[in-house]
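# Reading the structure
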Amino acid sequence: MKIQLNGLPIDTTARTLAELLHEQQMDAGCVASALNGEFVPRSRYETQPLTAGCELEVLSPMQGG
């Protein structure tokens, strides 16, 4: 299915947010996610379904000064 990941269109076979993070080689423990503009708690990553056309933002914390 086609979704938007951080503003870019991608094709994925992932059915859940956790599957997508694994597929994209992103560490679920080190990111924050929003699906269609709504924050997704890390506790829901395993069960949060993805649908065609959804918009997902995945952000990693940055350190620095």
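Parameters and conventions
Residues numbered from 1 in each chain as written. Predicted model: local features only at pLDDT ≥ 70, side-chain atom pairs only at ≥ 80, totals over all residues. Heavy atoms only, no water. Helix = DSSP H or I, 4+ residues; strand = E, 2+ residues; numbered from the N terminus. Buried < 20%, exposed > 50% of the residue type's maximum accessible area, 1.4 Å probe, protein only. Core = buried A, V, L, I, M, F, W, Y, C linked by side-chain atoms within 4.5 Å. Contact = heavy atoms within 4.5 Å. Pairing = 2+ DSSP bridges.

Its identity as a non-glycine residue notwithstanding, Asn6 has a phi of 50 degrees, on the positive side. Along the chain, the position of Asn6 falls in the loop between β1 (2-5) and β2 (8-11). Judged by its relative accessible area of 32%, Asn6 falls in the partly exposed class.

Quick look at the nonpolar core now. Grouped together as the largest cluster of nonpolar side chains are 15 residues, with contacts concentrated most on Leu20, Tyr45 and Leu56. Residues in contact with Tyr45, not counting those within four places in the same chain, are Thr16, Leu17, Ala18, Leu21, Ala28, Val31, Ala32, Ser33 and Val40.

Before going further, it helps to examine the pairing of β2. Judged from the four bridges that link them, β1 and β2 form a sheet pairing that is antiparallel. Pairing of Leu5 across the sheet is with Leu8, part of β2. From the end of β1 to the start of β2, which pair antiparallel, there are two residues, and Asn6 there has a positive phi angle of about 50 degrees.

Distances and angles like these do not, on their own, reveal function.
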